[in-house]
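# Structural characterization, general
Spelled out from the first residue to the last, the chains are:
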Amino acid sequence: VAYGYDLVGDDFSAGVNDERVPDPDPDDCQGHGTHVAGIVGANGVVTGVAPEVTFGAYRVFGCEGSTWADIMIEAMEMIHHDHMDVLNMSIGAAFQWPQYPSAVAADKLVERGTVVVASIGNSGDSGTYAVGAPGVGEKVIGVASVDNTNAMYPVFTVEDATTDPVDIGYNPMTYSAPVPTSGTEEIVWIGQACDADLPLVNDPAGKVALATRGACSFAEKAQNAQDAGATAIVIHNNAPGNFNGTLGAPLDPPFIAVSISLEQGMYIRSLTPPVYMTWTDRQGSFPTPTAGLISSFSSYGLAPDLSLKPDIAAPGGYIYSTYPLEKGGYATMGGTSMASPHVAGATALLLQAKPGTKPLEVRDILQNSADPVDWSGYPGYVYIEPVYRQGAGLLDIDDAILATTKVTPAKLALGESEA
């Protein structure tokens with residue numbers, strides 16, 4: 001990281017504490033920036049898309065909360081003065097127009113020579129027009145998310161009296177107490193574990209509680225398990241695959257809470273009690289049921305002025321990348337925040353292979369060679385995702401670099417099309 005700046009300081013939170021205490025070190029607290037940067041260009045245990053890049057890091061978030069558009073614009077001005085070739089913005093304000101300040105500023109930055117790549121948003125359950133700024137910028141490459149083929153998770157094992165230990169991949173929830181890396185405990189299913197479900201299906205006192213996702217918050221489930229004397233809670237999904245969960249705030253006292261997939265949760269429930277689980281210090285790779293499909297969280301376009309967004313898709317669901325050392329060094333996360341840096345890193349490879357490519361040409365080149373994505377509602381058949389969810393399709397950087405022809409314009413935004 002040869003360039004960068006912390007524009008806000010640890011305690012800044014937009015609208016809560018607007019006092020900024022800038023400093024030269026753009027180190028992040030929660031790990032989002034570290035994870036994104038690793039996708040672009042890590043060069044160690046994790047290999048990023050473009051491991052030879054020189055980084056600039058411009059911090060616009062404190063440890064908690066949000067930020068303001070004017071701070072993002074100030075960072076963009078620094079990026080311009082530092083002559084950055086590519087800007088990744090894993091950030092966004094949903095349901096915004098291309099005239100939103102951060103989108104307009106991003107367009108200006110492209111005109112001045114920097115390729116700007118931005119996450120399109122994580123409002124996939126909110127319907128159309130949910131795409132966010134700055135990704136909706138006219139000259140910005142707005143990126144949708146596709147789920148990874150596999151997910152890397154920490155492992156605990158489970159077994160009953162008649163089975164061998166089986167690896168279960170878990171995801172620690174935000175605000176969970178530290179998860180142990182050794183020790184064996186009994187695990188019991190307690191049902192959905194909401195207040196409305198009390199008393200619990202089984203007594204988890206002195207044991208690990210296994211609960212089903214749905215109907216109430218993860219914090220409510222965890223609190224009920226803790227109140228019943230459980231040592232931890234494992235929450236299995238109510239749809240295929242694992243998920244990223246949060247307790248919203250630490251419980252008092254702090255409590256261990258992790259998530260697992262629906263498939264693994266049902267396997268544990270199929271075992272004959274007593275069932276024992278053993279925490280380990282291992283990581284494991286687990287197949288993703290939705291591999292290669294648009295992530296459920298990925299925002300739908302169009303932009304509200306009927307311009308065509310998103311522009312392209314890239315891996316963003318279940319991505320294993322770097323994380324702050326004090327938080328373990330590596331983590332699996334998901335979001336269009338993780339898709340955008342795949343395109344930013346690919347842009348660096350393209351510019352290395354084809355020096356002199358103009359910023360306004362990059363998106364066309366990437367879109368020309370993108371691969372259409374199956375419709376997630378009926379995968380494996382002839383249907384593909386609508387353009388206003390996948391853009392041109394899944395990034396295919398080697399084809400983009402090796403292409404000998406191009407189609408321009410690479411996209412047509414026809415508005416209402418009546419005329």
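Residues numbered from 1 in each chain as written. Predicted model: local features only at pLDDT ≥ 70, side-chain atom pairs only at ≥ 80, totals over all residues. Heavy atoms only, no water.

The strand order across the open sheet formed by eight strands is β7-β6-β13-β9-β10-β11-β12-β8, and the pairing between neighbours is mixed. Sheet topology places β7 (166-169) and β8 (171-172) at the edges, where each strand pairs with a single neighbour. Pairing of strand β10 (residues 208-212) with strand β11 (residues 232-236) involves five bridges; the strand directions are parallel. Counterpart to Ala211 in the pairing with β11 is Ile235. Most of the contacts of helix α5 (residues 262-270) go to β7, to which it runs at about 140°, and overall it touches β6 (150-159), β7, β9 (184-191), β10, β11, β12 (256-260) and β13 (275-287). (Pairing = 2+ DSSP bridges. Helix = DSSP H or I, 4+ residues; strand = E, 2+ residues; numbered from the N terminus. Contact = heavy atoms within 4.5 Å. Axes fitted to C-alpha atoms, helices over the stretch in contact; angles between N-to-C directions.)

Taken as a whole, α5 has its buried residues at Gln264, Gly265 and Ile268. End-on view of α5: buried residues confined to an arc of 100°, all on one side of the axis. (Buried < 20%, exposed > 50% of the residue type's maximum accessible area, 1.4 Å probe, protein only. Arc of directions from axis to C-beta.)

Once that is clear, we can look at the sheet that holds strand β4 (residues 115-119). Taken in spatial order, the four strands of this open sheet run β3-β4-β5-β14, and their pairing is parallel. Bordering the open sheet on either side are β3 (86-89) and β14 (312-317), each of which pairs with just one other strand. Direction aside, the axes of adjacent strands within the sheet are offset by 35° on average.

What follows is about the packing of aromatic side chains. Going through the model one piece at a time under the given rule, you end up with 10 aromatic pairs. Judged by centre distance (5.9 Å) and plane angle (25°), the ring pair of Tyr320 and Tyr330 falls under stacked. A residue pair is termed long-range when its members are at least 10 positions apart, and Tyr320 in strand β15 (residues 319-322) and Tyr330 in strand β16 (residues 330-333) qualify at 10 residues. Given the relative accessible area of 30%, Tyr330 is considered partly exposed. Considering the side-chain rings of Tyr378 and Tyr381, the 4.3 Å spacing of their centres and the 20° angle between planes classify their relative orientation as stacked. The exposure class of Tyr381 is exposed, given its relative accessible area of 51%. Members of the aromatic cluster, connected to one another through ring pairs, are Trp375, Tyr378, Tyr381 and Tyr383. Sitting above the plane of the Phe243 ring, Arg213 keeps its charged end 4.2 Å from the centroid. For Arg269, the ring lying beneath its charged end belongs to Trp189, and the centroid distance is 3.8 Å. (Phe/Tyr/Trp six-rings, centres within 6.5 Å; stacked < 30°, edge-to-face > 60°. Lys NZ or Arg CZ within 6 Å of the ring centre and 35° of its normal.)

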